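Listed below are the residues making up each chain.
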Amino acid sequence: MKVRRSIIVLAFVTLALPLAIFARRAARDSEEPAAASQSLSQYVVAEGTLEVTISAVGAVEADQVAQLSFSLPGRIAEVLVSAGQSIRAGDVVARQGDETQRLTLEAAQLALAAAELNRDDLLAGPSESDLAIAEANIEAAIGAYNSIAGAVDPDQVRAAELQVGAAQQALSDAQTRRVTAGGSPEQIALLDAQIGEASFNAEMARLNLETLQQGASAQAGAAWARVEQARAERDRLLAGPVQAQIDSADAAVARAQVAVDRAQAVLDRTILTAPFDGVVTAVNGDPGAIALPGVALISLADLDPLRVAVQVDEIDVRQVRVGMDARVRVDALPSLDLPARLESIALIPTIEGGIVTYDVRVVMTDAEPRVRLGMTAEAQVVTQRRENVLIVPNQYIRLDRRTGAAFVNLVQPDRSLIETPVILGLQGVDSSEVIEGLSVGDVVAVDLGSDALPGLGGG
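Everything numeric here is computed off the predicted structure, so don't read it as measured data. Each chain has its residues counted from 1, following the order in which its sequence is written. Totals for whole chains, interfaces and linings use all residues, but because this is a predicted model, local features are given only for residues with pLDDT of at least 70 and pairs of side-chain atoms are given and counted only at 80 or more. Side-chain metrics in this entry use all non-hydrogen atoms of the structure; hydrogen atoms and water are not considered.

K.L.:
What should I look at first to understand the sheet that holds strand β4 (residues 74-79) in this one?
P.N.:
Consider a sheet: its strands pair through backbone hydrogen bonds, and that pairing is either parallel or antiparallel. Overall, antiparallel pairing links the four strands, which are arranged β7-β6-β4-β9 in an open sheet. Strand pairing shows two members of the sheet lacking a second neighbour, β7 (271-273) and β9 (290-291), which therefore form its edges. Pairing between strand β6 (residues 92-96) and β7: three bridges, direction antiparallel. Each residue of the ladder has a partner; that of Ala 94, found in β7, is Leu 272. Here the rule is simple: two strands pair whenever DSSP picks up at least two bridges between them. Going along the chain from the N terminus, every DSSP run of H or I of four or more residues is numbered as a helix, and every run of E of two or more is numbered as a strand.

Printed below as a string of structure tokens:
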């Protein structure tokens, strides 16, 4: 960016001086004496405010710019804004179709409600109906036990015991006869057969007794175990849940909540909202079209305040500080000076073609609806300001390049001119402060037809 500096003006004066002197002399020789007075320009010295500025050209920028796009592919259901519309942060600007996402969220919410209900029931302890059921279960188990315990008739057991005794006696008698008997082999074989039959009958009688005795005991034991189980369940209800049960119920609620949050986040991604207050600068899609992730659907800009980004060279950047007053002049509105303030100075330079510059941002302090984004603008940063000082335009001041002394042509009462030395203070782009040599009301002049080419650059 170009920065106005006085050295450019001074270099031009130095190069043009010989040509100007030659041209003025030639013109003077050919003109009438009265023509000289017609080329005389005068200025009445007065007090005013003098500013020294550093200027640079840039472009008008928004405070914030956002390209809004959906994060998931989907069909656009609604576009709720149009270009040029002002919106607030959080306003919905577009929606995608969301039927699937809503169904998923509703299912997750139902699962969460069930998990919370189970946990609440657990923490609330047993209800009266739960305890009544537990007591009824105990009574039923006891009844079943009593029924099983009384199912075997004692007379049957005693009869079976008598049968065992009789069978064992018959076996003993058969064995005695075998030992004491003599006789033929056929008789001995018959006695052995009788012993075998008596032994079989004794074993069968014993097994029948054991079946009666053991069967009743096993069934009664199982029935009593059910009684103990029913009592343990009642005691558990009365004692309340253990910590492991509470932790398990809490974990189930937490898992269900995560599922709800995840489903809600997916549903939220079908809604496009404004991240800040601003103006819609572009709409790039219509309902029914497919929106793709990362492809901007809505362009949003925060136009209050507007900024101008310029580049200031390394020589001038040392003269500016954050917070300095500034002015902005827009090329499209040349007669308008907009108040501004220097907002930021980059710490890292930009180097292009060997030229070192720093990015500087100037913020406009007053809104102007005619200013548009992207307009070319000149930012003038006020580095120095003095008020109520004598001011003389630089074109009325002649500067001796060898000594640095400054002179003006002071107009006398008889309209003659006397070159008068002055001491300069603050030197601006167009005017300079005169500390000594002039007073308010003095008239200075410059003869545009003279040999000398007066003028003093500033900046």
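Moving on, there is more to tell.
K.L.:
Whenever I open this one, empty space enclosed by the protein confuses me. Can you help?
P.N.:
It is the rolling of a water-molecule-sized probe over the atoms that shows where space remains empty. Using a grid of 1 Å spacing that covers the protein atoms alone, one calls a set of points a cavity when a 1.4 Å probe fits there but cannot get out, and a pocket when the set is open and has protein on both sides within 12 Å along at least five of seven lines; lining residues are those with an atom within 4 Å of a point. Grid points are joined across faces, edges and corners, and a volume is the space filled by probe spheres set on the points. Using the criterion set out here, one finds one cavity of 30 Å³ or more in the structure. When its volume is computed, the largest cavity comes out at roughly 40 Å³. Taken together, Ile 54, Ser 55, Ala 56, Val 310, Val 312, Val 320, Leu 342, Val 360, Ala 379 and Val 381 form the lining of the largest cavity. Elements represented by at least two residues in the lining of the largest cavity include exactly β2 (46-61), β11 (307-313) and β16 (376-393). The element best represented in the lining of the largest cavity is β2, accounting for three residues. Among the residues forming the lining of the largest cavity, the class breakdown is nine nonpolar, one polar and no charged. Ten residues, namely Ala, Val, Leu, Ile, Met, Phe, Trp, Tyr, Cys and Pro, are considered nonpolar, four, namely Asp, Glu, Lys and Arg, are considered charged, and the remaining ones, Gly among them, are considered polar.

K.L.:
Looking at this structure, how should I read a nonpolar patch on the surface?
P.N.:
A patch consists of residues whose relative accessible area exceeds 30% and which take part in no salt bridge; residues with like charges are grouped when within 9 Å of each other, and nonpolar side chains (Val, Leu, Ile, Met, Phe, Trp, Tyr) when within 5 Å. The method behind every accessible area is Shrake-Rupley, applied with a 1.4 Å probe, and residues are considered shielded solely by the protein chains displayed. Salt-bridge detection follows one rule: a side-chain nitrogen of Lys or Arg within 4 Å of a carboxyl oxygen of Asp or Glu. A contiguous nonpolar patch, built from Phe 200, Met 204 and Leu 207 and spanning about 290 Å² of accessible area, is present on the exposed surface. Looking at the secondary structure, you find Met 204 in helix α6 (residues 185-239). The exposure class assigned to Met 204 is partly exposed, which follows from its relative accessible area of 42%. Working definition: with a 1.4 Å probe on protein chains only, accessible area under 20% of the residue-type maximum means buried, over 50% means exposed, and in between means partly exposed.

K.L.:
Got a minute to help me understand the pattern of salt bridges in this structure?
P.N.:
Summed over all chains, the structure comprises 20 salt bridges. A salt bridge links Arg 329 to Asp 337; the nearest nitrogen and oxygen atoms lie 2.7 Å apart. Look at Arg 329 and you get partly exposed, because its relative accessible area is 29%. Residues Arg 386 and Glu 433 are paired through a salt bridge, measuring 2.7 Å at the closest nitrogen-oxygen approach. Separated by 47 residues along the polypeptide, Arg 386 in strand β16 and Glu 433 in strand β20 (residues 431-436) bring together distant segments of the chain.

None of the figures reported here should be taken as evidence of function without further support.
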